Every structure is written in C-alpha cells, then in structure tokens.
Amino acid sequence: MQFMRQETPRRPKRRIPPKHLDHARKSSGGGRPLGAWIGGALLGAFVLGTHVLESSIPSAPRPAGPLPPAPPPQQETKTDLDLPPLGGAPGQTIGRVALVIDDLGGHLSAAERLFGLGIPLTIAVLPGEPHSRTISREAALRGHDVLLHQPMEPADFPRSNPGPRALLKRMSPGEQMRILRENLDSLPEAIGINNHMGSAYMRDRPAVDRVMEELRRRGQLFLDSVTAPRSAGYWSARRHGVPAARRDVFLDPDEGEGILERQFVELARQVANRETAIAIGHPHPETLDALDRWVPRMREAGIEFVKISEVVNQPSAASVQRSAGEERGKN
Ligand SMILES: [Zn+2]
C-alpha cells in the first residue's frame, strides 16, 4: 500500500518558540476542591509511575499491516500497565482530552504512527504538502477529525516563515480570501481550521473576521492555536456564530529536557480541574514516543480521548441569527 512507504521528512522541525507560549504553561488557578484533589492524585501517580513505566513499556515494533481504524470513542482498551484507577471508581471517566496533532502533510510515517495510537484524534494538515491529500483522506476514513492547519503571518515574519499558502497581512483582503478558499477546497475532509503560527495575523481583527465569515458560510469550526496572547480568533468566531475552541496545552514547546513529561502532567492536571482540555502536539519523533507512553496511562486513569468536534463551543442561536443578518445586509 502506497501509504505505508517510509518517508524522509522534507520539512525541518518546527518548534514553537517559548515566547509564543504565554498561555501554554499558565495554571488554570483555583479549581474546585474535588478537581484539585483528583489533580493531586493524578499528578502524584503519574510522577511516581514515570520511572517504572518508562522501563516497563517495551518499544514494540509497529505492525507493518494495514493501518488500524480509530476505535469508537467509548471503547476501552486494557493495557498491561498496573496503574490503580485514580480519582473515581474503576472505569469511571474523570475528563476528556481532545488531542490535536499539527503540521501534518510532509511525510506519511508520522501519520501512520498516530493512527496506531488507537484513539480518536484531530489531524491538522498543512495545505499543499506532498502528502496533505493522502493524510487528510486516510484520517477521515479512520474516523478522525481533520482540520486545515492554515499558515498565517507570525510576529517575526519574515525571519520566521509560515511556508507556502499562508495568509499575510500585506495581502489584499481579496487575495487572502482566495488563498483561504483554495486551501479549504484542497482538503474536502476538513471540518474547520486552526492556525499555524499566526501570532501577527491572529491579532488583526478585520482579517480574522473575514476568515470567520468564510468558516460560517461553510459551516466549519475554528480552533485557536493561541500562538500569542491577545489572539482575536476565539471571540471573533463566537461573534460570527462559528463553533470555536482554544488550545489549552502545547505538548512540545522547545523548552529543553523533560518538557514533554511536564506538559503531559500539566495536561492531566487541567483535565482534573476542568474536565475537558485541548492539547496540541507536533509530529516530532520525541512527541510521538511520549504519546506512546502517556496515552495508555491517561486512559487507564479515566481520561477519555475525543475529537475536537466533540468539545467545541457551539454558537448561540442569537449569534447565528445576528451573523446571518449581517450577511444579508451586505448582499
Ligand atoms: Zn503548525
């Protein structure tokens, strides 16, 4: 099968610079007493378990057969990890995580590993990469959510380059819309978009409003990657009647040794406090290795993995009506 061919990554690793991560490490603060208790239990157990688990998980060779389909969201997979049930009765779900993997499209092997995790995923695909179409189609066939990972202008552009098919502030509004529509049309499986980079573009309210108008017309959702503070994305989406969500945790910011383990603990803590969290990771080998370790542990602890479409905030009836009214007013 063509899809299984191993590829050499063409795209250099893109790390999110620490300065873009203002929101990623912030504690959610306060929290309900029960949530705090569960958080403590989770954290303790995860941290204590780390050494045992790392040595006890064999690095199993990946199967060479056809890629497994995503299981239905409720399906429980028993692992051989001897973790006690945390924060509730055995089998009880304590919270949900929507796991989004960005920057896919450059090579197939990362997608193949992700599909092998056996959980519902959200696959964010860059437009126009060598394997964007294949990965988008394969992900949708396996029941995962697909997003267009729309490149947008970063604050330090052009030193940081969002790549081809990006939305740049210097372009005319017409040019920006033409690019966005072409990108959306190129990935018909996409149910919405999230931003790749965009720390400058996402603060440009008129530009962001135009993006949301297009998403509303198509009935698609918006996930704000929150690559910088004061992003206009989430509230613009809400105003336009577009289903919307914000990233809570970046799993793999470029912050040195041990960051992945710390971010997974942070993710577990946020789920314990708030019941639902959205995590974004990237298809780096270290992140994929960490997912192999952490996904079974989190499921064992009662965390359910869900797709982004299950956790977005649906628009209020009022915002949909208002937005439709504004649209009619323009025509
Ligand atoms: Zn990205």
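Because the structure is a prediction, the values reported are computed rather than measured. The numbers attached to residues start from 1 for each chain and follow its sequence in the written order. At least 70 in pLDDT is required for a residue's local features to be given in this predicted model, at least 80 for side-chain atom pairs to be given and counted, and no such filter applies to totals for whole chains, interfaces and linings, which use all residues.

Asks: What exactly am I supposed to notice about the pairing of strand S4 (residues 192–197) here?
Replies: Every regular strand shows the same layout, with side chains that alternate between the two sheet faces. Counting buried positions along S4 gives six out of six residues, so the element sits mostly inside the fold. Pairing between two strands is assigned when DSSP locates at least 2 bridges connecting them. A run of H or I in DSSP counts as a helix once it spans at least four residues, and a run of E counts as a strand once it spans at least two, with each numbered from the N terminus. Pairing of strand S3 (residues 145–152) with S4 involves five bridges; the strand directions are parallel. When the sheet's bridge partners are listed, leucine 148 is paired in S4 with isoleucine 193. In this structure, S4 lies alongside strand S5 (residues 221–224), joined through three bridges in parallel fashion. Bridge pairing in S5 places glycine 192 opposite leucine 221. With C-beta atoms placed from the backbone, a residue is buried if 20 or more other C-beta atoms are within 10 Å of its own, exposed if 12 or fewer are, and partly exposed between those counts.

Asks: So what exactly am I meant to see when it comes to helix H8 (residues 285–300) here?
Replies: An α-helical turn contains 3.6 residues, so any two residues separated by three or four positions project in the same direction. For H8, spanning 16 residues, the distance from its first C-alpha to its last is 23 Å, which sits close to the expected 22 Å at 1.5 Å a residue. A residue's bend is simply the angle between two axes: one fitted to the seven residues ending at it, one to the seven starting at it. Where H8 bends most, the angle comes to about 30°, and this point is tryptophan 294, followed within four residues by the proline proline 296. Of the positions making up H8, those classed as buried are Leu291, Trp294, Val295, Pro296, Arg297, Met298, Arg299 and Glu300. Glycine 302, located one to two residues past H8, shows a positive phi value of around 95°. Multiply 1.5 Å by the residue count of a helix minus one, and that product is the helix's expected span.

Asks: Where do I start with unusual backbone geometry in this structure?
Replies: Trans peptide bonds make up the majority, and among non-glycine residues the majority have a negative phi. For the peptide bond that leads from phenylalanine 157 to proline 158, omega is 5°, which places it in the cis range. With respect to the helices, strands and loops of the structure, proline 158 is situated in the loop between S3 and helix H4 (173–186). A positive phi angle is found at methionine 197, which is not glycine, with a value near 60°. Mapped onto the elements, methionine 197 comes out in strand S4. You will see that valine 226, though not glycine, has its phi angle at about 50°, which is positive.

Asks: So what exactly am I meant to see when it comes to the packing of helix H7 (residues 259–274) against H8 here?
Replies: When two helices pack together, their arrangement is captured by the angle between the axes and the distance separating the axes. The convention used is that axes are lines fitted to C-alpha atoms, helices contributing only their stretch in contact, and that angles between N-to-C directions extend from 0 to 180 degrees. Running from N to C, H7 and H8 cross one another at 35°; their axes reach a closest spacing of 11 Å. The hand of the H7/H8 crossing is right-handed. On H8, the residues touching Leu260, Phe264 and Ala268 of H7 are Glu286, Thr287, Ala290, Trp294 and Met298. Across the contact of H7 with H8, the residue classes tally to six nonpolar, one polar and one charged. Each crossing is labelled by how the near helix is turned from the far one, with a counterclockwise turn of less than a right angle marking it left-handed and a clockwise turn marking it right-handed. By the convention adopted here, residues are in contact when the distance between their C-beta atoms, placed from the backbone, does not exceed 7 Å. Each residue gets one label: Ala, Val, Leu, Ile, Met, Phe, Trp, Tyr, Cys and Pro are nonpolar, Asp, Glu, Lys and Arg are charged, and the others, such as Gly, are polar.

Honestly, that's just the spatial picture; any functional story needs more than this.
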